[in-house]
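Each chain, written out:
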Amino acid sequence: MAKVRKIFACNNCGATSPKWMGKCTSCEEWNTYVEEIVVKESKTQAEKKQVWRTNDKKPKLKPVKIPEIVAGDTPRSVTPDGEFNRVLGGGIVAGSLVLIGGQPGIGKSTLMLQIALTMPINILYVSGEESQEQIKMRADRIGIQNENCYILTETNVSKILTHAQNLEPQLIVIDSIQTLASPHIESTPGSVSQIRECAGDLQRFAKETNIPIFIIGHITKEGSIAGPKLLEHIVDAVLQFEGDRHYTYRILRTIKNRFGSTSEMGIYEMQADGLREVSNPSELLLSQNDENLSGSTVAAMLEGMRPMLIETQALVSTAVYGTPQRSATGFDLRRLNMLLAVLEKRCGFQFGANDVFLNIAGGIKVDDPAIDLSIVAALISSLEDVSVEGDICFAGEIGLSGEIRTVNRIDQRIQEAARLGFKQIFISKYNLKGLDLENYDIEVTPIGKVEELYRTLFDEF
Ligand code: TYD
Ligand code: MG
């Protein structure tokens, strides 16, 4: 007889409890507990179904002394997609379980199908979301034909793994974990216990067969759907696919990677026929117009390990309503408020009666503090209505007393700016240590305070 049990599970970390709790005792999040019905089949029933399970007869592994372990280079299969390899730390590691998270519609299925279609190995692409015809249509859209890519539309994890065992592919893609269901528990697909059970099965399969598995997982804007958060503990690497749906740029970021660095990222552009790698992001993020407008400046920032130049735009206008508006796209609003406070207190600029709007080009979200200097220059430029030359760029963090602070990898930033033909870069004077300015084909202007920036940039007008 199947046993029916009711439990409560935390949406965030997957902890379970027999009764509902307002605050999870494990991850300390509030209001994350949801009720779940768990039906456990009796053993004989499960055995009758002859489903894939871990094999208990396998020889038990013995503890080994660390010097006795022979560690070869982790074998990686390199994909034809340079950005994807970079994010994974050099290619796909055998037996690894990788989660690709992202909001619905951002392009996760497209990315994985494209990888599956371009690799010259046997690949099993399992979809619980789309029919075979729909996937075929998508493949036609991407425009690549591949004999080695198998499509399976199935949601039962045991059946999927049985198919995988028979087919012996070299890579499996699961689209998506929220649609999978294990026959051993009866709660609905997408629930905490189903996701945990299915991910556990997939992980055991990957480790035992050495076949790498990619799992796609949806998250909402708040990241609130069970799954990706919970899965982060189980999988070897977590990649996040993000971007603004109204723009075509997509960023693939590493959140966790057991086999590589987490500061890598890849940039793609969504086109009518699939995703295109963007190997030179700066050229896309800088505006093409030659006209110099006030409030528009360029920051030399770093995304992951990659330097790129990005346009920042500010608009300061007289407030029409009593309370001035502050709005920032792609930048932290609290940080904008802080920068405005610094400008008021340390340099005497009056923003109090003005609306301030800030926009970072390309729908990209920036959290590199080196963009501060460029934003401050854009704010002053718009307030004073004086434009900044288009061949000047900035890299520096602003401190609370108006000082320009050092930023990391300044050398890379300067080189990228020089490579793109910029004539002048403003940096913190504290960043000069160890820099040989003779090396660069660009004028480097070190400054110590925001006032100096104002004097150097705008005073001559
Ligand atoms: P999709 O991969 O289905 O997103 P996800 O799996 O993350 O939910 O991609 C969704 C969007 O991508 C959809 O709005 C259409 C667009 N798209 C293109 O612009 N070009 C293409 O070649 C493809 C396949 C999709
Ligand atoms: Mg999809």
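Residues numbered from 1 in each chain as written. Chains lettered and ligands numbered in written order. Predicted model: local features only at pLDDT ≥ 70, side-chain atom pairs only at ≥ 80, totals over all residues. Heavy atoms only, no water.

Description of the pairing of strand β8 (residues 149–152)
Here comes step 1: As paired elements, strand β7 (residues 123–127) and β8 share four bridges and run parallel to each other. Residue Tyr125 lies in a different strand from β8, and its bridge partner there is Ile151.
Here comes step 2: You can see the chain leave β7, run along helix α4 (residues 132–142) and come back into β8, and the turn it takes is right-handed. (Pairing = 2+ DSSP bridges. Helix = DSSP H or I, 4+ residues; strand = E, 2+ residues; numbered from the N terminus. Right-handed = clockwise from strand over helix to strand, strands pointing away.)

What about the sheet that holds β8?
Here comes step 1: The sheet built from nine strands is open, its strands ordered β8-β7-β9-β10-β6-β11-β12-β13-β14 with mixed pairing. Edge strands, defined here as strands with exactly one partner in the open sheet, are β8 and β14 (274–277). Going from strand to strand, the sheet's axes swing by 25° on average, the running direction of each strand aside.
Here comes step 2: As defined by bridge partners, β7 adjoins strand β9 (residues 171–175) across five bridges and the pair is classed as parallel. Its bridge partner being in β9, Val126 is matched across the sheet by Ile174. (Axes fitted to C-alpha atoms, helices over the stretch in contact; angles between N-to-C directions.)

With respect to the packing of helix α10 (residues 372–384) against helix α12 (residues 450–458)
Here comes step 1: At a minimum axis separation of 11 Å, α10 and α12 run at an interaxial angle of 55°. Viewed along their axes, α10 and α12 adopt a mutual orientation that is oblique. At the point where α10 passes α12, the crossing takes the right-handed sense. Within the contact between the two elements, α10 uses Leu373, Val376, Ala377, Ile380, Ser381 and Glu384 and α12 uses Val450, Leu453, Tyr454, Leu457 and Phe458.
Here comes step 2: Taken together, the residues of the contact of α10 with α12 break down into nine nonpolar, one polar and one charged. (Parallel < 35°, antiparallel > 145°, perpendicular 65-115°, else oblique. Left-handed = near helix turned anticlockwise from the far one by under 90°. Contact = heavy atoms within 4.5 Å. Nonpolar A, V, L, I, M, F, W, Y, C, P; charged D, E, K, R; others polar.)

Some words on the domain arrangement of the chain
Here comes step 1: By domain assignment, the chain separates into domain 1 (3–44), domain 2 (78–279) and domain 3 (285–458).
Here comes step 2: Summarising the inter-unit geometry, the C-alpha centres of domain 1 and domain 2 are found 26 Å apart. (Domains from an automatic or database assignment.)

Remarks on the site of ligand 1
Here comes step 1: In the region of ligand 1, 15 residues are neighbours, and Gly105, Ser109, Thr110, Gln271 and Gly274 sit closest.
Here comes step 2: Contact distances for ligand 1 include 2.7 Å between an oxygen atom and a backbone N or O atom of Gly105.
Here comes step 3: In the model, a nitrogen atom of ligand 1 is placed 2.6 Å from a nitrogen or oxygen of the Gln271 main chain.
Here comes step 4: When ligand 1 sits alone it has 560 Å² of accessible area, and the protein chains cover 76% of it. (Near = heavy atom within 4 Å. Polar contact = N/O pair within 3.5 Å; in protein donor to acceptor, adjacent residues only side chain to side chain. Areas by Shrake-Rupley, 256 points an atom, 1.4 Å probe, with all protein chains shown as cover.)

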